[in-house]
Amino acid sequence: MNGKRGELALQRVSRALRTLSACNEALVRAANEPELLNAICRLVVETGGYRLAWVGVPEQDAAKTVRPVAQYGHDEGFLAAANISWADTELGRGPTGTAIRTGTVQVNQNYLSNAALAPWREAALERDYLSIISLPLKSAASTFGVLSIYASATDAFNATEVTLLQELAEDLAFGIQTLRTHAERDRIAREQLHDVEILRQSLEDSIKAIADTVEMRDPYTAGHQRRVGQLAVAIAQEMGLPEETSHGIELAASIHDLGKISVPAEILAKPSKLTAIEFMLLKNHAQAGFDILKDIKFPWPIASMVLQHHERLDGSGYPQGLKGEQILLESRILAVADVVEAMASHRPYRPALGIDSALQEIERGRGTAYDAAVVDACTRLFAEKRFAFST
């Protein structure tokens, strides 16, 4: 019996992890808020196997209505007739209204036994809703929405699953605020400013928002992309490259691991050596990042830089096995900066190896795996110019 319970718990955590990963990828891809909300609800049901998912926003009318703005799953008229409120009344003391009113996660494991669910019990049971979790969507100032998820089993949400779904809600709230900020910025730009610099700045802000999202997804490498950018820019400057080129390298570095959004979280955080299959999934992140970025018209070849940052001069890299001049100079710089920062920093599966070991590694590969001029510039930075990663 304990074995079956453990297996069920593992299945539920696994589905929550799959849902979190799929939803974070949707968050990166979404062009607008309605698209994002509808995608999240669909993925919660299709990937997570839940019965119904919907997002509601609190209205400021007399009844304090909760208005559905996105939904997916087996609704069959449930939300239209539910009359859910966020007021401190019978229709507002259910999980959705309480989550909005209090700003806290509400987990209700059994529609049959929870008195707060009485107003919706009959309709819920007809649609096979037996458990519900309501997750507030919050900004620094307020709770501006709620994500409610229904399951077709009692006791459907264990503690680990609740934690993962709460992380999903936090990511979703961050994504909504980012999209709203972008939408407002775009509106102002369309109305008041039309010059190239404003459009370029908007692109750069989008890159920074994407970088923030990636680092929220993978806390073990938080700051990695930023530090790679620091070193890559310093190398480009040491090589005498134009400022515009250096700036493009910095932006590409800030999202060079964007494709890891498609890698399961348990692989990214695994504290031991990856299996061959897991390593193949991880290696796909360069291609996945390119696929996300390829249709965005940047002033620099950002997508190609991201695609090629694991290529090596001798053709031993991935994903295309490019050689020599087939690899962008910007990507050759990113490759060296990526290796040095990764070796010098802590990882889930090993402690930091230190700068000396990192420099020895690029020296060993000088002219074979790594561009000789890039390696020489990097070595000079540490040996002669006292380069150090900023915190």
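Please read these numbers as outputs of a predicted model, since none were measured by experiment.

Visitor: Looking at this structure, how should I read empty space enclosed by the protein?
Guide: Any empty space left between atoms is shown by rolling a water-sized probe over those atoms. Taken as a whole and judged by the stated rule, the model has four cavities of 30 Å³ or more. Roughly 60 Å³ of internal volume is contained in the largest cavity. As for the largest cavity, its lining consists of Phe78, Ile84, Gly94, Pro95, Thr96, Tyr111, Leu117, Trp120, Ile132 and Tyr150. Taken together, the residues of the lining of the largest cavity break down into eight nonpolar, two polar and no charged.

Visitor: What's the story with helix α16 (residues 372–383) in this structure? I'm lost.
Guide: Side chains of residues three or four places apart in an α-helix project in the same direction, reflecting 3.6 residues per turn. A rise of 1.5 Å per residue sets the reference length of α16, with its 12 residues, at 16 Å; its end C-alpha atoms lie 16 Å apart and thus fit the reference within 8%. When we look at burial in α16, the residues that qualify are Val374, Val375, Ala377, Cys378, Leu381 and Phe382. Projection of α16 onto a plane perpendicular to its axis shows the buried side chains occupying an angular sector of 165 degrees, all on one side. Where α16 is buried, its residues touch α8 (224–238), α14 (329–344) and α15 (355–364). Taking the backbone nitrogen of Ala373 as reference, a side-chain oxygen 2.9 Å away marks Asp371 as the first, capping residue of α16.

Visitor: Is there a simple way to think about the packing of α14 against α15 in this case?
Guide: Packed helices, taken two at a time, are described by the angle their axes make and the gap between the axes. At a minimum axis distance of 8 Å, the contact between α14 and α15 shows a crossing angle of 145 degrees. Here α14 runs over α15; the crossing is right-handed. In this structure, α14 uses Val336, Val339, Val340, Met343 and Ala344 to contact α15, whose residues at the interface are Ile355, Ser357, Ala358, Glu361 and Ile362. Classifying every residue of the contact of α14 with α15 gives eight nonpolar, one polar and one charged.

Visitor: What is the right way to read the environment of Gly92 from this model?
Guide: In this fold, Gly92 is placed in the loop between α3 (78–82) and α4 (95–102). Not counting residues up to four positions away in its chain, the partners in contact with Gly92 are Ser85, Trp86, Ala87, Gly97, Thr98 and Arg101.

Visitor: Just to check I follow, could you spell out the nonpolar core for this structure?
Guide: In a soluble, globular protein the nonpolar side chains are often hidden away together inside. Leu231, Ile235, Ile302, Val336, Ile362 and Cys378 are the most contacted members of the largest nonpolar core, which totals 47 residues. At the level of elements, α7 (196–217), α8, α9 (243–254), α12 (285–293), α13 (302–308), α14, α15 and α16 are the ones that each hand at least two residues to this core. A total of seven residues in this core trace back to one element, the largest contributor, which is α14. Ignoring any residue separated from it by four or fewer positions in sequence, one finds Val336 in contact with Ile235, Ile362, Tyr370, Val374, Val375 and Cys378. Within the second largest apolar cluster, 40 residues are counted, among which are Cys23, Leu37, Ala70 and Leu164.

Visitor: Got a minute to help me understand the side chain of Ser131 in this structure?
Guide: In this fold, Ser131 is placed in strand β4 (residues 131–138). A polar contact is formed between the side chain of Ser131 and the backbone oxygen of Ala153, at a distance of 2.5 Å. Here the side chain of Ser131 touches Asp155 through a polar contact of 3.4 Å, landing on its backbone nitrogen. Leaving out residues up to four positions away in the same chain, Ser131 has contacts with Asn108, Gln109, Asn110, Tyr111, Ile149, Tyr150, Ala151, Ala153, Thr154, Asp155, Ala156 and Phe157.

Calculation notes
Residues numbered from 1 in each chain as written. Predicted model: local features only at pLDDT ≥ 70, side-chain atom pairs only at ≥ 80, totals over all residues. Heavy atoms only, no water. 1 Å grid on protein atoms, 1.4 Å probe; cavity = no way out; pocket = protein on both sides within 12 Å on 5 of 7 lines; lining within 4 Å. Points joined across faces, edges and corners; volume = space filled by probe spheres on them. Nonpolar A, V, L, I, M, F, W, Y, C, P; charged D, E, K, R; others polar. Helix = DSSP H or I, 4+ residues; strand = E, 2+ residues; numbered from the N terminus. Expected span 1.5 Å × (residues − 1). Buried < 20%, exposed > 50% of the residue type's maximum accessible area, 1.4 Å probe, protein only. Arc of directions from axis to C-beta. Contact = heavy atoms within 4.5 Å. Polar contact = N/O pair within 3.5 Å; in protein donor to acceptor, adjacent residues only side chain to side chain. Axes fitted to C-alpha atoms, helices over the stretch in contact; angles between N-to-C directions. Left-handed = near helix turned anticlockwise from the far one by under 90°. Core = buried A, V, L, I, M, F, W, Y, C linked by side-chain atoms within 4.5 Å.

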